[in-house]
Every structure is written in structure tokens, then in C-alpha cells.
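# Remarks on the overall topology
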Amino acid sequence: MDEEGDVKKYFDVIDYVVFAAMLIVSAFIGVYFAFFAKVKQNTTSEYLMGGKTMGIFPISMSLIASYISGISLLGLPAEMYTYGTQFWMTLVPEIFVAAVMAYAILPVFYNLQITSTYEYLHLRFNNTVRLLGTTLFLTKMLLYIPLVIYVPALAFSQVTGINLHLVTPVVCVVCIFYTTLGGLKAVVWTDTIQTIIMFGALVITVIVGTIKVGGVQEVWQRNQQGERIEFFNMNTDPTIRHSFWTVTIGNFFYWLASCSINQAMVQRCLAMPTLKSARITIGILLVGLWVLVSMCCYMGLVIYAFYHKCDPVTRGRIHKSDQLLPYFIMDTVGDIPGLPGMFVSGVFSAALSSMSTGLNSMTGVIFEDLIKPRLKRTMSEAHASLLMKIIVVLIGIICVGLVFVVEKLGTLIQAAGSIGAITAGPLLGVFSLGMFFPGATSEGALVGGFLSGALITWISVGSQAQIGHGRIRFPQKPISVEGCSADWVAEYLSITLSSKASAKPVELPFVLYRISYMYYTPIGSIIAILIGLVVSYCMGHNRNKEVNEEAISPMVQKFLNRSKPGESNIDLKAISTDLR
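Criteria and cut-off values
Residues numbered from 1 in each chain as written. Predicted model: local features only at pLDDT ≥ 70, side-chain atom pairs only at ≥ 80, totals over all residues. Heavy atoms only, no water. Helix = DSSP H or I, 4+ residues; strand = E, 2+ residues; numbered from the N terminus. Buried < 20%, exposed > 50% of the residue type's maximum accessible area, 1.4 Å probe, protein only. Contact = heavy atoms within 4.5 Å. Salt bridge = Lys/Arg side-chain N within 4 Å of Asp/Glu carboxyl O. Phe/Tyr/Trp six-rings, centres within 6.5 Å; stacked < 30°, edge-to-face > 60°. Axes fitted to C-alpha atoms, helices over the stretch in contact; angles between N-to-C directions. Parallel < 35°, antiparallel > 145°, perpendicular 65-115°, else oblique. Left-handed = near helix turned anticlockwise from the far one by under 90°. Nonpolar A, V, L, I, M, F, W, Y, C, P; charged D, E, K, R; others polar. Patch = residues over 30% accessible without salt bridge, like charges linked within 9 Å, V, L, I, M, F, W, Y side chains within 5 Å. Areas by Shrake-Rupley, 256 points an atom, 1.4 Å probe, with all protein chains shown as cover. Lys, Arg positive; Asp, Glu negative; His and termini not counted. Polar contact = N/O pair within 3.5 Å; in protein donor to acceptor, adjacent residues only side chain to side chain. Core = buried A, V, L, I, M, F, W, Y, C linked by side-chain atoms within 4.5 Å. Expected span 1.5 Å × (residues − 1).

A word on the overall build of the protein chain. A tally of helices and strands in the protein chain yields 23 helices and 2 strands. Looking at the protein chain residue by residue over its 580 residues, the buried ones come to 58%. Counting contacts in the protein chain only where the partners sit at least 6 residues apart, residues at least 24 apart contribute 85% of the total.

So, in C-alpha cells, the structure goes:
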């Protein structure tokens, strides 16, 4: 481990070669599907849906890569190191998320065969609700993609010494290049290769790190002594950042929103030839998430076990806990040729896949929901394909500019969760009104979604502001510096003791700002549903309207059992009478 006089380790030539190879392969895939593949990406169906002929393996790998972003690779180890293992329990509700998605939600989208998930809101409600959903989605992605870009730039800066704002444009140019040229097929196949790289880098890092510490038993023992092992904090206080209840309840709603109604997810599932194959990809996605998230979490335990006597953040070797993993890589295996390059390639791969997925899905939504319905005459396929490529470039440029804002946020995991919840909860609520409540009206969906979004935005922005000003602080697990050099420890103690003596008590912020960010999505969803149902009741619960049966979840159809054989519509008049 580093001491005060050690020279900081950086990339060597082989590491740069490995990293460059990953970028070149990604760019080449885009060129291949644009110019050399048998079926060119010059129609909207090919560009956005891959011609609906994609295989199970590449789609599964693409989904895994999209949801295990660089935020997970860097943020999860930092979370385990700083706050303990409670967040690991987010894996539990993902089983239920997969079941609900596969059998209650995905069949609706598949039967309707739509390109954009927000087309559903138009079919079920009206164009105004569709516009609300589209706006919420685009807002979320414009906030999320810069965070995804910032993560690999942070890691690259840590292991090369190059300023992260010089790295960011390079990452984005490569990603924009292959996404623009190759469409969905390029995105999916680069995701597949990048997932393999990411998995390989994680496996090697976990094995080497465990050996360096002294084995799995030693890793676990040191983390128990450091109070990191905590899976069942059953305290029901909603202001606790992570308890069993916040991570399981909160993550169920968050992942349901992120997977089941997310344009990126639905777009890939609809690229499958059958509903059965789409369900298989969801099962593979579940297994892949369990494996990769568990590896990331265990990596955090390994890092703590290695630095349990000399915390590198306190020591000043790194500035943020999110830099722990790249620092650990260079500190332990930096002398192994090519391994640091493979690791950073893995982080970049995760980030590139998330960014390319976001760009492709945003392009689909902008074209299908904002541009196409407003065209006075049909646009040719060639012109539509060119327009979508221009949209990808413009979105990418905007996202690069927003990276500068990301640096001001809190830890990666919390920042990503807070930003995502601004739109995840309201969107899940609106879609739930449409699929699970046949009596819900367009007025109810619109008012519920808008007010829910406003509430969660207020809470999330206020919370991040309080964190930024230091008024909200979360109790961290204990760290030690007793293994650091004696002179440094003496200097550190003198500074710490003097600063503690002059510290003033901090006034508690407004209670809603202190609610765990994990509860933002459940609150947003429930508020949207409740307000939507109240407004729908006042508007008559669709008594004189009929709704296409395919727009309602098959689980609800079976429960209500109101449709007559051979009919394609639900008798909402009868249902509304029962509800009243």
C-alpha cells in the first residue's frame, strides 16, 4: 500500500494499447453495420428496432450492460466501503420486478407492437399524457447520461493523471460515432463485447484482490471487525439512508420503473421475434444483474479489507470515495502489464453501453413522439434515418456540456438514485394507472403525473442542495489510519481535534429533505396513482368510453373477467358502476 514517499502509479504503454483497442473495436462495429452489413441501418425499423430479428444472447448482454453502468462499477464498491453492505439487499426485490415485468407489463407493449413506450400513453389516454411521459423520460436521460459519462472519465483520470474534462469528449465522440452510424444493432453488439470485457475485468480484479488480502475468510473477518457487514437493519425510520426496508421497497419501485416502462428496455425486448424469447432475456438479465452487482459489492469488501488500517480518502491519496476502485487497481496490480488497461476498459465499456442505449432510445422517443405526429406529410425512410442520426449527435453534445454539473453532486449511488427518481416515480404511476386501473381517465393520469413529478423534483433538488451545503450528512462506517505513517497520523490528529473543538451544531433541514432517497420512487408512484384515481372518479371513471383490451394488463383482465368471448374491448361502463 502507498506511503507518503511513494510515486503514484499510472498507465503504461500496454494499458493504453488495451484501452485503445476497446474503443477501436466499438467504433468498427458501428462502421460495419452502417456500410458492410447485409441489411443497412437506413430505415426507422432497422435503426431503432434492429428489424425485430435480434437474438436472445446479444439482447440479454445489451440489457445487462445498460443497467450495470460505470456508476455501479465504481459506486457500489465505494458504497460498501463507506456505508456497509445494507445496499446489497437491493438484489432481493429484483426477482419480483422480473416477474411483474414479464407477465403483467411486457405483454401489453408486445401485443400493441409499438416503437416508443409513450405511444402507449397516447393509445390508452391522449396525446397530452403522451407528451408528459415523453418530457419526463427525456428529462431523466438528459440528467442521467452526463453522470454516466463522468464516471469513466473519473476512473481514467485517476489511473492516467489526465484531466477528466479532456477525457470526456473522447468517450462521447466514440460513443456518438458508433451509435449514429450503426443504430440499435451496433449498440447491441458493442454492448455484448463490452459486457464480456466488463465481466472479465471484474473477475480478474476480484480474484487478485482477494488473494492480496489473504483469502475470502480474511476479507469477511476484517469487514466484520470494521462493522461493514449489515444486511438486516430493520429500523422503519424513513430518514435512515439505507435500511432493509428502504433498499427493498424503494428498489422494487425504482427497478420496476427503470426496467418495465423504460424506453431503452422495452425497445430491446420488442426487437425480439416473440414474447417468449423476450421473457427469456429478462430471466438472463436477472441472473446477470445478481452476478455482476454481487461482484461489485464484494469488491468493496475487498478494498476495505486491504485498506482497513489506512483509509486512502482520509490519507489524501484520493479525493472522493468513488475513486477507490481505480486507486486500488493501480495500487495492487498496477505492475501487471495490461490489467489496469483492461479494468478501465471495463468501466468505459459499462459507461459507453449505458450512454449509447440512452442516445438510441432518446432518439426513438424524440422522433416517434415529438416529430412524427406533427409531420404534415410522410417522411421518406432515408430522410427519417438521417434526421435520427442528427438527433443523436445533438443530444450527445448537450450531454457533454452537462458533465460539469455532475461534479457538484454527492456520491454516485445517491446522486443517480435521486436524479432517476424525479421521473421514475411519476412515470411508473402514470403507466400503472393505464395498465392496472381501467377506470383511470386521461385527466387523472395528467394531473397525477404532473403533481407527482413536481413534488419529487422539489424533494430531490432540495435534498441535493442540503447535502451540497453540508447540512445533511449520513453516518459512515468507522475508518482507521493507525497503519499510516506515524508523522502523518500525528498531523492528522492535531487537525481533526482542533476542527472538532470549533464545530457548531447543524440545524436539521426540513423533514422531507431528510427522507431516504430510496423512497422517492415509491412516493412518486403512489402519489401519481392516488391523485389520478381521485381525479378519474371526479371525471366519471370512463363510464361512457371503451378502452382497447390490449392496453390493459392481462393480469387485470383475468381478475376482472368482464370481457365477452370474441370481443377486444373491456366494458368500462360496467366496471365504473362497480367502482362507484
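Our focus in this paragraph is the pattern of salt bridges. Enumeration over the complete set of coordinates arrives at 4 salt bridges. The partner of Glu79 in a salt bridge is Arg241, with the nearest N and O atoms 2.9 Å apart. Placement of the pair is Glu79 in helix H4 (residues 70-83) and Arg241 in the loop between helix H9 (216-225) and helix H10 (244-260), with a sequence separation of 162 residues. Arg222 is paired through a salt bridge with Glu218; the nearest N and O atoms lie 2.8 Å apart. Here Arg222 pairs with Glu218, and both are found in helix H9, just 4 residues apart, close to one helical turn. Overall, the relative accessible area of 18% leaves Arg222 in the buried class. A relative accessible area of 27% means that Glu218 is categorised as partly exposed.

Attention now moves to the environment of Ala278. Structurally, Ala278 is set in helix H12 (residues 275-306). Overall, the relative accessible area of 0% leaves Ala278 in the buried class. As a C-alpha pair, Ala278 and Ile59 span 219 residues in sequence and 8.9 Å in three-dimensional space.

This part covers the packing of aromatic side chains. Aromatic ring pairs are defined here through the distance separating the ring centres and the angle between the ring planes. Tallying each qualifying case throughout the model produces 16 aromatic pairs. Relative to Phe137, the ring of Tyr118 lies with its centre 5.5 Å away and its plane at 40°, an arrangement referred to as tilted. Of the two residues, Tyr118 sits in helix H6 (residues 117-124) while Phe137 sits in helix H7 (residues 127-160), which places them 19 residues apart along the sequence. Of the two residues, Tyr118 and Phe137, both sit in the buried class. Aromatic side chains Tyr307 and Phe328 sit 6.2 Å apart centroid to centroid with 80° between the ring planes, which places their arrangement in the edge-to-face category. Highlighted residues: Tyr307 in the loop between H12 and helix H13 (312-315) and Phe328 in helix H14 (residues 324-333), separated in sequence by 21 residues.

Structurally, the position occupied by Leu76 is in helix H4. With relative accessibility at 4%, the residue Leu76 sits in the buried group. Between the C-alpha atom of Leu76 and that of Gly300, which follows or precedes it by 224 residues, the distance is 7.0 Å.

Take the packing of helix H5 (residues 94-112) against H12 next. Running from N to C, H5 and H12 cross one another at 155°; their axes reach a closest spacing of 10 Å. Classified by the interaxial angle, the pair formed by H5 and H12 is roughly antiparallel. The handedness of the crossing between H5 and H12 is right-handed. Along its contact with H5, which presents Glu94, Ile95, Ala98, Met101, Ala102, Tyr103, Leu106, Pro107 and Tyr110, the element H12 presents Leu275, Ala278, Arg279, Ile282, Leu286, Leu289 and Trp290. Residue composition of the contact of H5 with H12, grouped by class: 14 nonpolar, no polar and 2 charged.

We now examine a nonpolar patch on the surface. On the surface, Leu386, Ile390, Val393, Leu394 and Ile397 cluster together to form a nonpolar patch covering roughly 440 Å² of accessible area. On the secondary structure map, Ile390 appears in helix H16 (residues 381-406). Of the residues examined, Ile390 reaches a relative accessible area of 43% and is grouped as partly exposed.

Within the secondary structure, Arg124 sits in helix H6. Buried and unpaired, Arg124 has no salt bridge, with Glu443 as the nearest side chain of opposite charge at 9.1 Å. Within the local environment of Arg124, its side chain forms a polar contact with the backbone oxygen of Gly434, the two atoms lying 2.9 Å apart.

The element H6 is largely enclosed, with a buried count of 6 among its 8 residues. By the burial criterion, the buried members of H6 are Thr117, Tyr118, Glu119, Tyr120, Leu121 and Arg124.

A few words on the packing of H5 against H6. Packed helix pairs are characterised by how far apart their axes lie and by the angle those axes make with each other. Two elements in contact, H5 and H6, have axes separated by 11 Å at closest approach and are oriented at 80°. Considering the angle they form, H5 stands roughly perpendicular to H6. Note on element contacts: H6 touches H5 through Thr117, Tyr120 and Leu123, opposite Val108, Phe109 and Leu112. Looking at the contact of H5 with H6 residue by residue, the classes come out as 5 nonpolar, 1 polar and no charged.

Core analysis: the largest hydrophobic core is formed by 141 residues, its most contacted members being Phe109, Tyr120, Met265 and Phe431. A per-element tally of this core places H12 first, with 19 residues.

Okay, unusual backbone geometry next. In this structure, Glu227 is a non-glycine residue whose phi angle is positive, near 65°. As for its position among the elements, Glu227 is in the loop between H9 and H10.

In this section: H12. With 32 residues, H12 should reach 46 Å at 1.5 Å per residue; the first-to-last C-alpha distance of 47 Å fits that figure. Burial runs high along H12: 24 of the 32 residues are buried.

Turning to the side chain of Asn262, a few remarks are in order. With respect to the helices, strands and loops of the structure, Asn262 is situated in the loop between H10 and helix H11 (263-269). In this structure the side chain of Asn262 is engaged in a polar contact, spanning 3.2 Å, whose partner is the backbone oxygen of Ser258. Sequence-distant contacts of Asn262, that is, excluding residues within four places in its chain, are made with Tyr67, Thr117, Phe137, Lys140 and Ala257.

Moving on to the environment of Ile552. As for its placement among the helices and strands, Ile552 is situated in the loop between strand S1 (547-548) and helix H22 (554-560). Given a relative accessible area of 1%, Ile552 falls into the buried group. As for Ile552 and Leu433, which are separated by 119 residues in sequence, their C-alpha atoms are 9.6 Å apart.

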